Amino acid sequence: EGANSNNNNNISSVISGWFSEISPMWPGEAHSLKVEEILFQGKSEYQNVMVFQSATYGKVLVLDGVIQLTERDECAYQEMITHLPLCSISNPKKVLVIGGGDGGVLREVSRHSTVEQIDICEIDKMVVDVSKQFFPEVAIGYEDPRVKLHIGDGVAFLKAVPEGTYDAVIVDSSDPIGPAQELFEKPFFKSVSKALRPGGVVCTQAESIWLHMHIIEDIVANCRQIFKGSVNYAWTTVPTYPSGVIGFMLCSTDGAPVDFKHPVSQIDESARPLKFYNPEIHTAAFCLPTFAKKVIEAK
Ligand code: SAM
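The structure reproduced in this document is the subject of the present report. Computed from a prediction, not measured in an experiment: that's the story for all the values here.

This brings us to the side chain of Ser20. Here Ser20 is to be found in strand β1 (residues 18–20). A polar atom in the side chain of Ser20 sits 2.7 Å from the side chain of Ser32.

This part is about the pairing of strand β4 (residues 59–63). Of all five residues in β4, five are buried; the element is thus mostly enclosed. The alternating pattern of β4 places Lys59, Leu61 and Leu63 on one face and Val60 and Val62 on the opposite face, and all of these are buried. Where strand β3 (residues 48–54) lies against β4, five bridges are found, and the strand directions are antiparallel. Bridge pairing in β4 places Phe52 opposite Val60. Counted between consecutive antiparallel strands, the loop separating β3 from β4 contains four residues, among which Gly58 sits at a positive phi close to 75°. Relative to strand β5 (residues 66–70), β4 runs antiparallel, the two sharing four bridges. Bridged to Val60 within β5 is Thr70.

Okay, the nonpolar core next. Soluble, globular proteins show a tendency: their nonpolar side chains are buried together. Residues Ile98, Val169, Phe227 and Met249 are the most contacted members of the largest nonpolar core, which totals 41 residues. Broken down by element, this core gets its largest block of residues, seven residues, from helix α8 (residues 213–226). Here Met249 is in contact with Val202, Cys203, Thr204, Ala206, Ile219, Val220, Cys223, Val231, Asn232 and Tyr233, once residues within four sequence places are set aside. Judged by nonpolar contacts, the second largest core, of 39 residues, contains Val105, Ile118, Val238 and Ile246.

Criteria and cut-off values
Residues numbered from 1 in each chain as written. Predicted model: local features only at pLDDT ≥ 70, side-chain atom pairs only at ≥ 80, totals over all residues. Heavy atoms only, no water. Helix = DSSP H or I, 4+ residues; strand = E, 2+ residues; numbered from the N terminus. Polar contact = N/O pair within 3.5 Å; in protein donor to acceptor, adjacent residues only side chain to side chain. Buried < 20%, exposed > 50% of the residue type's maximum accessible area, 1.4 Å probe, protein only. Pairing = 2+ DSSP bridges. Core = buried A, V, L, I, M, F, W, Y, C linked by side-chain atoms within 4.5 Å. Contact = heavy atoms within 4.5 Å.

Function cannot be inferred from these measures alone, as they are strictly geometric.
This is the structure in C-alpha coordinates:
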(Lines give C-alpha, C1' and ligand atoms only; values in the text may rest on other atoms or scores of the structure.)
Protein backbone atom coordinates (compact mmCIF):
# COMPACT_ATOMS: atom_id res chain seq x y z
CA GLU A 1 0.00 0.00 0.00
CA GLY A 2 2.69 2.45 1.10
CA ALA A 3 4.84 1.65 -1.90
CA ASN A 4 1.89 2.18 -4.24
CA SER A 5 0.98 5.58 -2.95
CA ASN A 6 4.63 6.62 -3.13
CA ASN A 7 4.69 5.58 -6.76
CA ASN A 8 1.55 7.56 -7.46
CA ASN A 9 3.06 10.63 -5.90
CA ASN A 10 6.01 10.38 -8.24
CA ILE A 11 3.79 10.71 -11.28
CA SER A 12 2.99 14.35 -11.89
CA SER A 13 -0.76 14.71 -12.47
CA VAL A 14 -0.27 17.26 -15.22
CA ILE A 15 2.61 16.92 -17.65
CA SER A 16 4.30 20.27 -17.88
CA GLY A 17 3.18 22.18 -20.97
CA TRP A 18 0.16 19.93 -21.52
CA PHE A 19 -3.52 20.35 -20.63
CA SER A 20 -4.88 17.18 -19.05
CA GLU A 21 -8.61 16.77 -18.69
CA ILE A 22 -8.91 15.22 -15.24
CA SER A 23 -12.44 14.77 -13.88
CA PRO A 24 -14.44 12.43 -11.65
CA MET A 25 -16.78 12.05 -14.64
CA TRP A 26 -14.11 9.82 -16.28
CA PRO A 27 -12.02 8.38 -13.46
CA GLY A 28 -8.75 6.70 -14.38
CA GLU A 29 -8.20 8.44 -17.70
CA ALA A 30 -7.35 11.92 -18.91
CA HIS A 31 -6.91 13.05 -22.49
CA SER A 32 -4.10 15.59 -22.91
CA LEU A 33 -3.36 18.30 -25.46
CA LYS A 34 -0.07 20.11 -25.84
CA VAL A 35 -0.48 23.79 -24.94
CA GLU A 36 1.28 26.46 -26.98
CA GLU A 37 -0.15 29.45 -25.19
CA ILE A 38 -2.83 30.24 -22.65
CA LEU A 39 -4.93 33.00 -24.21
CA PHE A 40 -7.57 33.63 -21.54
CA GLN A 41 -8.33 32.64 -17.98
CA GLY A 42 -11.33 33.97 -16.09
CA LYS A 43 -13.87 33.10 -13.44
CA SER A 44 -17.52 33.86 -14.09
CA GLU A 45 -20.39 33.62 -11.65
CA TYR A 46 -20.86 29.99 -12.76
CA GLN A 47 -17.55 28.49 -13.82
CA ASN A 48 -13.87 28.82 -14.67
CA VAL A 49 -13.36 29.78 -18.28
CA MET A 50 -10.11 29.17 -20.15
CA VAL A 51 -8.95 29.43 -23.76
CA PHE A 52 -5.63 28.06 -24.96
CA GLN A 53 -3.84 27.59 -28.25
CA SER A 54 -3.13 23.88 -28.70
CA ALA A 55 -0.41 22.39 -30.87
CA THR A 56 -2.75 20.24 -33.00
CA TYR A 57 -6.43 21.19 -32.51
CA GLY A 58 -6.34 24.99 -32.85
CA LYS A 59 -7.83 27.08 -30.07
CA VAL A 60 -9.59 25.23 -27.25
CA LEU A 61 -12.42 26.41 -24.97
CA VAL A 62 -12.40 24.87 -21.48
CA LEU A 63 -15.08 25.28 -18.78
CA ASP A 64 -14.29 24.05 -15.25
CA GLY A 65 -11.41 21.98 -16.60
CA VAL A 66 -13.54 20.25 -19.26
CA ILE A 67 -13.02 20.79 -23.00
CA GLN A 68 -16.11 22.30 -24.66
CA LEU A 69 -14.79 22.74 -28.16
CA THR A 70 -11.70 22.93 -30.31
CA GLU A 71 -11.45 24.70 -33.66
CA ARG A 72 -10.50 21.48 -35.40
CA ASP A 73 -13.29 19.12 -34.36
CA GLU A 74 -16.21 21.37 -33.30
CA CYS A 75 -17.86 20.76 -36.69
CA ALA A 76 -18.51 17.12 -35.79
CA TYR A 77 -20.50 18.13 -32.73
CA GLN A 78 -22.25 21.33 -33.85
CA GLU A 79 -23.36 19.98 -37.22
CA MET A 80 -24.69 16.73 -35.80
CA ILE A 81 -26.54 18.16 -32.76
CA THR A 82 -28.25 20.63 -35.10
CA HIS A 83 -28.94 18.84 -38.36
CA LEU A 84 -30.00 15.50 -36.86
CA PRO A 85 -33.13 17.15 -35.42
CA LEU A 86 -33.69 19.88 -38.02
CA CYS A 87 -33.32 17.66 -41.09
CA SER A 88 -35.76 15.17 -39.55
CA ILE A 89 -38.74 17.55 -39.80
CA SER A 90 -39.97 19.64 -42.68
CA ASN A 91 -40.03 23.44 -42.54
CA PRO A 92 -38.85 24.14 -38.99
CA LYS A 93 -39.74 27.75 -38.14
CA LYS A 94 -39.07 28.33 -34.46
CA VAL A 95 -35.97 26.89 -32.82
CA LEU A 96 -34.73 27.18 -29.23
CA VAL A 97 -31.14 26.50 -28.18
CA ILE A 98 -30.37 25.93 -24.51
CA GLY A 99 -26.70 26.42 -23.54
CA GLY A 100 -24.50 26.60 -26.64
CA GLY A 101 -23.13 30.02 -25.68
CA ASP A 102 -20.23 29.63 -28.09
CA GLY A 103 -22.67 30.21 -30.99
CA GLY A 104 -21.74 27.12 -33.04
CA VAL A 105 -25.22 25.61 -32.94
CA LEU A 106 -26.67 28.99 -33.98
CA ARG A 107 -24.30 29.01 -36.95
CA GLU A 108 -25.68 25.62 -37.98
CA VAL A 109 -29.36 26.46 -37.33
CA SER A 110 -28.97 29.53 -39.53
CA ARG A 111 -28.30 27.28 -42.54
CA HIS A 112 -32.00 26.34 -42.44
CA SER A 113 -33.79 28.89 -44.57
CA THR A 114 -37.29 28.01 -43.33
CA VAL A 115 -36.36 29.06 -39.78
CA GLU A 116 -37.82 32.42 -38.78
CA GLN A 117 -36.91 32.66 -35.10
CA ILE A 118 -33.85 31.38 -33.24
CA ASP A 119 -33.88 31.87 -29.47
CA ILE A 120 -30.90 30.96 -27.34
CA CYS A 121 -30.76 30.80 -23.55
CA GLU A 122 -27.20 30.56 -22.20
CA ILE A 123 -26.55 30.92 -18.49
CA ASP A 124 -23.07 32.43 -18.71
CA LYS A 125 -22.41 35.68 -20.57
CA MET A 126 -18.66 35.15 -20.23
CA VAL A 127 -18.88 32.14 -22.58
CA VAL A 128 -20.59 34.31 -25.22
CA ASP A 129 -18.04 37.13 -24.88
CA VAL A 130 -15.03 34.80 -24.90
CA SER A 131 -16.33 32.96 -27.94
CA LYS A 132 -16.85 36.25 -29.84
CA GLN A 133 -13.30 37.27 -28.96
CA PHE A 134 -11.42 34.01 -29.61
CA PHE A 135 -13.66 31.86 -31.84
CA PRO A 136 -15.06 34.17 -34.53
CA GLU A 137 -15.76 31.22 -36.87
CA VAL A 138 -18.00 29.72 -34.20
CA ALA A 139 -19.54 32.90 -32.77
CA ILE A 140 -20.46 33.98 -36.30
CA GLY A 141 -23.79 32.30 -35.44
CA TYR A 142 -24.72 35.44 -33.48
CA GLU A 143 -24.61 37.58 -36.59
CA ASP A 144 -27.82 36.07 -37.96
CA PRO A 145 -30.62 38.63 -37.44
CA ARG A 146 -33.06 35.83 -36.55
CA VAL A 147 -31.08 35.12 -33.35
CA LYS A 148 -32.27 36.46 -30.01
CA LEU A 149 -29.92 35.90 -27.05
CA HIS A 150 -31.31 35.47 -23.53
CA ILE A 151 -28.79 35.29 -20.70
CA GLY A 152 -30.23 33.11 -17.95
CA ASP A 153 -30.91 29.62 -16.69
CA GLY A 154 -32.35 27.36 -19.38
CA VAL A 155 -34.54 25.58 -16.83
CA ALA A 156 -36.31 28.78 -15.78
CA PHE A 157 -36.50 30.03 -19.38
CA LEU A 158 -38.28 26.88 -20.56
CA LYS A 159 -40.79 26.95 -17.71
CA ALA A 160 -41.97 30.35 -18.94
CA VAL A 161 -42.32 29.33 -22.61
CA PRO A 162 -45.98 29.17 -23.78
CA GLU A 163 -47.12 25.64 -24.60
CA GLY A 164 -46.44 24.45 -28.17
CA THR A 165 -44.12 27.32 -29.14
CA TYR A 166 -41.16 25.59 -30.82
CA ASP A 167 -40.67 23.18 -33.71
CA ALA A 168 -37.31 22.14 -32.29
CA VAL A 169 -35.35 22.51 -29.05
CA ILE A 170 -31.60 21.83 -29.05
CA VAL A 171 -29.94 21.37 -25.67
CA ASP A 172 -26.23 22.02 -26.09
CA SER A 173 -25.22 21.67 -22.48
CA SER A 174 -22.07 20.99 -20.54
CA ASP A 175 -21.81 17.85 -18.35
CA PRO A 176 -24.27 17.23 -15.49
CA ILE A 177 -21.84 18.48 -12.83
CA GLY A 178 -22.22 22.24 -12.25
CA PRO A 179 -24.78 24.60 -13.82
CA ALA A 180 -26.04 22.02 -16.35
CA GLN A 181 -27.12 19.40 -13.80
CA GLU A 182 -30.84 20.13 -14.04
CA LEU A 183 -30.70 19.93 -17.83
CA PHE A 184 -30.43 16.16 -17.43
CA GLU A 185 -33.38 15.76 -15.06
CA LYS A 186 -36.99 14.76 -15.60
CA PRO A 187 -38.72 18.09 -14.82
CA PHE A 188 -36.55 19.75 -17.46
CA PHE A 189 -37.54 17.20 -20.12
CA LYS A 190 -41.18 17.79 -19.14
CA SER A 191 -40.90 21.50 -19.81
CA VAL A 192 -39.13 20.81 -23.11
CA SER A 193 -42.00 18.60 -24.17
CA LYS A 194 -44.56 21.29 -23.23
CA ALA A 195 -42.65 23.95 -25.13
CA LEU A 196 -42.74 21.87 -28.33
CA ARG A 197 -45.61 21.83 -30.81
CA PRO A 198 -47.21 18.42 -31.52
CA GLY A 199 -44.71 16.45 -33.62
CA GLY A 200 -41.91 18.81 -32.53
CA VAL A 201 -38.40 17.52 -31.84
CA VAL A 202 -35.71 17.80 -29.19
CA CYS A 203 -32.03 16.93 -29.41
CA THR A 204 -29.98 16.96 -26.24
CA GLN A 205 -26.31 16.31 -25.57
CA ALA A 206 -26.36 12.83 -24.05
CA GLU A 207 -22.82 11.87 -23.06
CA SER A 208 -20.71 8.87 -24.08
CA ILE A 209 -21.71 5.23 -24.46
CA TRP A 210 -18.21 4.25 -23.30
CA LEU A 211 -18.29 6.25 -20.08
CA HIS A 212 -21.86 7.06 -19.11
CA MET A 213 -24.26 4.22 -19.90
CA HIS A 214 -25.81 4.73 -16.44
CA ILE A 215 -26.61 8.39 -17.20
CA ILE A 216 -27.88 7.47 -20.67
CA GLU A 217 -30.10 4.76 -19.19
CA ASP A 218 -31.77 7.31 -16.91
CA ILE A 219 -32.22 9.84 -19.70
CA VAL A 220 -33.77 7.22 -21.97
CA ALA A 221 -36.13 6.02 -19.23
CA ASN A 222 -37.27 9.59 -18.53
CA CYS A 223 -37.69 10.40 -22.20
CA ARG A 224 -39.77 7.29 -22.86
CA GLN A 225 -42.21 8.45 -20.18
CA ILE A 226 -42.39 12.00 -21.43
CA PHE A 227 -42.08 11.96 -25.23
CA LYS A 228 -44.93 10.06 -26.81
CA GLY A 229 -43.66 10.33 -30.39
CA SER A 230 -40.31 8.59 -30.79
CA VAL A 231 -37.23 8.25 -28.59
CA ASN A 232 -33.82 7.59 -30.16
CA TYR A 233 -30.14 7.69 -29.32
CA ALA A 234 -27.56 8.74 -31.92
CA TRP A 235 -23.82 9.33 -31.65
CA THR A 236 -20.85 10.86 -33.35
CA THR A 237 -17.10 11.02 -33.02
CA VAL A 238 -15.42 14.06 -31.46
CA PRO A 239 -11.76 13.26 -30.81
CA THR A 240 -11.32 15.81 -28.01
CA TYR A 241 -14.33 14.69 -26.00
CA PRO A 242 -13.72 12.08 -23.29
CA SER A 243 -13.61 8.63 -24.93
CA GLY A 244 -13.73 10.32 -28.35
CA VAL A 245 -17.47 9.94 -28.85
CA ILE A 246 -20.59 11.84 -27.79
CA GLY A 247 -24.25 10.97 -28.04
CA PHE A 248 -27.55 12.74 -28.51
CA MET A 249 -31.04 11.97 -27.34
CA LEU A 250 -33.55 12.67 -30.11
CA CYS A 251 -37.23 12.63 -29.23
CA SER A 252 -40.48 13.85 -30.69
CA THR A 253 -43.78 14.78 -29.10
CA ASP A 254 -47.10 13.17 -29.92
CA GLY A 255 -48.37 14.36 -33.28
CA ALA A 256 -47.25 13.78 -36.85
CA PRO A 257 -44.73 10.92 -36.47
CA VAL A 258 -41.03 11.74 -36.91
CA ASP A 259 -38.71 9.13 -38.39
CA PHE A 260 -35.36 10.47 -37.21
CA LYS A 261 -33.38 7.86 -39.10
CA HIS A 262 -34.44 9.17 -42.48
CA PRO A 263 -33.80 12.87 -43.08
CA VAL A 264 -36.56 14.71 -44.95
CA SER A 265 -34.57 17.80 -45.90
CA GLN A 266 -31.09 18.68 -47.09
CA ILE A 267 -28.80 21.57 -46.29
CA ASP A 268 -28.07 24.29 -48.83
CA GLU A 269 -24.27 24.39 -48.79
CA SER A 270 -23.74 27.12 -51.35
CA ALA A 271 -22.76 29.81 -48.83
CA ARG A 272 -20.68 27.63 -46.50
CA PRO A 273 -19.97 23.94 -47.09
CA LEU A 274 -20.57 21.42 -44.34
CA LYS A 275 -17.50 19.68 -42.94
CA PHE A 276 -19.02 16.63 -41.25
CA TYR A 277 -22.76 16.10 -41.70
CA ASN A 278 -24.28 14.38 -44.74
CA PRO A 279 -27.47 12.31 -45.19
CA GLU A 280 -25.57 8.98 -44.95
CA ILE A 281 -23.91 9.85 -41.64
CA HIS A 282 -27.31 11.07 -40.39
CA THR A 283 -28.81 7.61 -40.84
CA ALA A 284 -25.65 5.83 -39.64
CA ALA A 285 -25.57 7.83 -36.39
CA PHE A 286 -28.52 5.80 -35.10
CA CYS A 287 -26.74 2.43 -35.46
CA LEU A 288 -25.56 1.43 -32.01
CA PRO A 289 -22.99 -1.10 -30.81
CA THR A 290 -24.62 -4.19 -29.31
CA PHE A 291 -23.81 -3.35 -25.68
CA ALA A 292 -25.46 0.06 -25.97
CA LYS A 293 -28.38 -1.18 -28.05
CA LYS A 294 -29.28 -3.76 -25.40
CA VAL A 295 -29.47 -1.17 -22.64
CA ILE A 296 -31.19 1.58 -24.67
CA GLU A 297 -33.80 -0.67 -26.28
CA ALA A 298 -34.59 -2.38 -22.98
CA LYS A 299 -35.65 0.90 -21.38
N1 SAM B 1 -21.03 23.84 -28.24
C2 SAM B 1 -20.08 23.15 -27.42
C3 SAM B 1 -19.33 22.12 -28.27
O4 SAM B 1 -19.02 22.38 -29.42
O5 SAM B 1 -19.04 21.08 -27.76
C6 SAM B 1 -20.68 22.46 -26.23
C7 SAM B 1 -20.75 23.07 -24.92
S8 SAM B 1 -21.55 24.61 -24.67
C9 SAM B 1 -20.19 25.70 -24.46
C10 SAM B 1 -22.33 24.33 -23.12
C11 SAM B 1 -22.92 25.58 -22.50
O12 SAM B 1 -24.03 25.26 -21.65
C13 SAM B 1 -21.93 26.36 -21.65
O14 SAM B 1 -21.67 27.59 -22.26
C15 SAM B 1 -22.67 26.53 -20.30
O16 SAM B 1 -22.46 27.78 -19.71
C17 SAM B 1 -24.12 26.32 -20.71
N18 SAM B 1 -25.01 25.95 -19.61
C19 SAM B 1 -24.76 25.14 -18.58
N20 SAM B 1 -25.82 25.06 -17.76
C21 SAM B 1 -26.79 25.85 -18.28
C22 SAM B 1 -28.13 26.18 -17.89
N23 SAM B 1 -28.67 25.68 -16.77
N24 SAM B 1 -28.84 27.01 -18.69
C25 SAM B 1 -28.30 27.53 -19.82
N26 SAM B 1 -27.04 27.25 -20.23
C27 SAM B 1 -26.29 26.42 -19.48
